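The lines below spell out each chain.
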Amino acid sequence: MRALCWNGVNDLRVETVADPEILNPQDVILKVRLTTTCGSDLHLIDGLIPTMREGDVLGHEFMGEVVDVGREVTKVKRGDRVVVPSFIACGRCWYCQHDLYSLCDTSHPKPELQEPLLGYPTAGIYAYSHAFGGYAGSHAQYVRVPFADTDCFVIPDGLADEDALFISDAAPTGFMGADFCNIQRGDVIAVWGCGGVGLMAQQGAMILGAERVIAIDQYPERLAKAAAFGAIPLDFTKVDVIDALKELTGGRGPDACIDAVGMEAAGTGLQGAYDRVKQALYMETDRGTALRQAMLAVRKGGTLSILGVYGLIDKFPLGLLMNKGVTVRTAQQHGQAYVPRLLEHALRGELTPAALATHRFSLEDSPTGYHMFKHKEDGCLRAVFMP
Amino acid sequence: MTGAASEPDLAAAARAAITIGRPADELRTLWLDPKTQSRIWTHFAEVTARDTRSADWVARGPAGGEYRWCTDTVESGLDQIRWTSRDGADVPNTGDLAFRLAPGDRGTELHLAVRFDPPGGVVGEAVSKLFHIVPGEIVRTALYKFRALALTGEIPTTDPQPAARHGGIDR
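Since the structure is predicted, the reported quantities are computational estimates derived from the model, not experimental observations. In this numbering scheme, every chain counts its residues from 1 along its sequence in written order. Chains and ligands are labelled sequentially in the order written, the chains with letters from A and the ligands with numbers from 1. Per-residue local features of the predicted model are confined to residues with pLDDT of at least 70, and side-chain atom pairs are confined, for both listing and counting, to 80 or more; whole-chain, interface and lining totals are unaffected and use all residues.

## What to know about the overall build of chain A
Heads up, the condition is: What counts as a helix is a DSSP run of H or I of at least four residues, what counts as a strand is a run of E of at least two, and both are numbered from the N terminus. Burial in this document is a count-based property: other C-beta atoms within 10 Å of a residue's C-beta are tallied, and the residue is buried at 20 or more, exposed at 12 or fewer, or partly exposed in between, with C-beta positions derived from the backbone. Any two residues are considered in contact once their C-beta atoms, placed from the backbone, lie within 7 Å.
Of regular secondary structure, chain A possesses 14 helices and 18 strands. Dimensions of chain A along its principal axes, counting C-alpha atoms only, are 60 × 45 × 40 Å. By residue count, 56% of the 387 residues in chain A fall in the buried class. Long-range contacts, defined here as pairs at least 24 residues apart, represent 72% of the contacts in chain A between residues at least 6 apart.

Here is the structure:
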């Protein structure tokens, strides 16, 4: 089959690789219908995440059609149109039983690689370095999906492929970030980042009853999309974000702040320059501008919900969180806990994930798609590949 | 854990603990199943059952080294399983697995200790050189595989289809 392979820093090529096969009895093979870029792929492509290997097939956000079924799979069958969360979960360990699917105890094939980094292994994930399992990704004609009964969700008739696609990752990640905020009547939620996850966090906060959602970014087309969703847009290059948020909240500050930016945050001023230099020298992997701003902006006793992917960060003002009594919630997406309700929200039009798809490419043109996505050319929010 | 005078000294053993959300008797039965033993040590050795109490082990080291021994289960009580290698083992060793009730709804704690006694060597370092894997990783990985098998009936793998070409090299 054809697949998009990582061959080194910023070296992506579409190559012919072996077709995946059923390896364990609860596996299925999907024919990939749609697969999309994610901001976290850029960390891999840029070499900020260790344990990538030459030839790694990229892609962890996808939907497709079941074409082969392992002998112990009972809930999905050949021909089913399904969406699959990016983290692989068994559904039976203590973590899965407590809806903490990205922390699954049993789906990581190489726990010995990850344990030294995190203390304990997490769930495996498609195409996210070998420390995260070394599973082949979805930017390919076919992909192997373990634990299909837990991880494959049949897409209801009437929901388009492009809506279902983002319910693989951007939508559940964003919605989980809003869910972390424990939104109460009258709450104002500020979201840093209007990429796929940020926009889905904004819609999620609205679905969960936020009084007002404020969207922070610098790209006019992304801020326009947030405004179209019903959020109040703030361009951090044009206003002082802290002052603007106080003004918009009567001096209280947002009840919860969601960081949907992560380690490659663009920053302004001295702190932004400091972070860019240290990241370039590999002295830290992360530029934490958005996170530090969210920590300062959140009201006393409020919630900081971190969805951005981080590695190492310095100058992290922990005392600020402590003195303000801030609750921090964070996780990789526990998608399996959210996908069923998100499919329903999307069917009812309350969630509009397909709005994230701005550019479409064949798999053969996927390196061009990543280039456009990385450099945000032509307003590219998400590039979608059709293998 | 192994206080009786006749029991082996496990002070220098490699140890690991894991919690599995299943009852101890079920886990004990699964551990003693010869098919289980052949599946959970594959990162370190080929294990082939002779019968329900004895197994042949072949561990392969770097540069073609091959080390063989046979183990016998010497105790298989409700709370503890012990095994030891027979005389003539290339690398004499002994193992001890204890089952303890975990708190709340967490199931059973498994505490595994395996001691290798390579002839004439300092234990940890010599074992690492023989097998190309540190003793701690031998026991931890076996427990991870056992937990996956106990909870899901399978052991996660990407072999022979890792994401990368020919298994690849970390970059």
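This is not the end of the story, as more comes after the structure.
## With respect to the overall build of chain B
When helices and strands are counted, chain B shows four helices and seven strands. Per-residue burial for chain B yields a buried fraction of 33% across its 171 residues. Partitioning the contacts of chain B with sequence separation of at least 6, the portion at a separation of at least 24 is 47%.

## Here we look at the domain arrangement of chain A
All names here are of chain A. As a reminder, the rule being used: How far each domain reaches was decided by an automatic or database domain assignment. Each residue gets one label: Ala, Val, Leu, Ile, Met, Phe, Trp, Tyr, Cys and Pro are nonpolar, Asp, Glu, Lys and Arg are charged, and the others, such as Gly, are polar.
Considered domain by domain, chain A is made up of domain 1 (2–169 + 333–386) and domain 2 (171–330). For domain 1 versus domain 2, the distance between C-alpha centres works out to 25 Å. Contact with domain 1, which involves 25 residues of that partner, is made by 21 residues of domain 2. Of all the secondary structure elements, the ones that give two or more residues to the side of domain 1 that touches domain 2 are α1 (39–45) and α13 (339–347). Per-element tally for the side of domain 1 that touches domain 2: the top contributor is α1, with four residues. Residue composition of the side of domain 1 that touches domain 2, grouped by class: 13 nonpolar, eight polar and four charged.

## Considering the packing of helix α9 (residues 241–248) of chain A against helix α11 (residues 289–297) of chain A
Residue and element names in this part refer to chain A. Basically, it comes down to this: Angles run from 0 to 180 degrees between N-to-C directions of axes, and those axes are lines fitted to C-alpha atoms, restricted for helices to the stretch in contact. What makes a crossing left-handed is the near helix being turned counterclockwise from the far one by less than a right angle; a clockwise turn instead makes it right-handed.
Between α9 and α11, the shortest axis-to-axis distance is 10 Å and the interhelical angle comes to 35°. For α9 against α11, the interelement crossing comes out right-handed. Every residue of α11 that contacts α9 at Val 241, Ile 242 and Leu 245 is listed here: Gln 293, Leu 296 and Ala 297. Of the residues assigned to the contact of α9 with α11, the class counts are five nonpolar, one polar and no charged.

## Remarks on the nonpolar core
Residue and element names in this part refer to chain A. Note the following rule: We define the nonpolar core as any set of buried residues of the types Ala, Val, Leu, Ile, Met, Phe, Trp, Tyr and Cys, connected via C-beta atoms lying within 7 Å of each other.
Ranked by internal contacts, the top residues of the largest apolar core, which has 152 residues, are Cys 104, Ile 189, Val 191, Ala 215 and Ile 258. When residues are assigned to domains, this core turns out to be shared by domain 1 (2–169 + 333–386) and domain 2 (171–330), each giving three or more. Apart from the residues lying within four places of it in its own chain, the contact partners of Cys 104 are Ile 88, Ala 89, Cys 90, Cys 93, Tyr 95, Cys 96 and Ala 123.

## Some remarks on the environment of Leu 27 of chain B
Residues and elements named next belong to chain B. By the secondary structure assignment, Leu 27 is in helix α1 (residues 24–32). Residues Leu 27 and Pro 62 lie 35 residues apart in sequence; the distance between their C-alpha atoms is 33 Å. Sequence-distant contacts of Leu 27, that is, excluding residues within four places in its chain, are made with Ile 20, Arg 22, Phe 99, Thr 108, Leu 110 and Ala 150.

## Notes on the interface of chain A and chain B
Taken residue by residue, the interface counts 36 residues in chain A and 23 residues in chain B. Counting only elements with at least two residues in the side of chain A that touches chain B, the list comes to β4 (56–57) and α3 (111–118) of chain A. Looking at the side of chain A that touches chain B residue by residue, the classes come out as 16 nonpolar, twelve polar and eight charged.

## Structural notes on α11 of chain A
Structural remark: α-helix, 3.6 residues per turn; residues separated by three or four positions point the same way. Across the nine residues of α11 of chain A, eight count as buried, placing the element largely inside the fold. Those residues of α11 of chain A that sit buried are Thr 289, Ala 290, Leu 291, Arg 292, Gln 293, Ala 294, Met 295 and Ala 297 of chain A.

## Quick notes on the sheet that holds strand β11 (residues 188–192) of chain A
Consider a sheet: its strands pair through backbone hydrogen bonds, and that pairing is either parallel or antiparallel. All names here are of chain A. Keep this limit in mind: Between any two strands, at least two bridges found by DSSP are needed for them to pair.
The strand order across the open sheet formed by six strands is β13-β12-β11-β14-β15-β16, and the pairing between neighbours is parallel. Here the strands that pair on one side only, and so sit at the sheet edges, are β13 (232–235) and β16 (327–330). Neighbour-to-neighbour, the strand axes of the sheet open up by a mean angle of 20°, direction not taken into account. In this fold α11 packs onto β11, β14 (256–259) and β15 (303–306), with an angle of close to 175° to the strand it touches most, β14.

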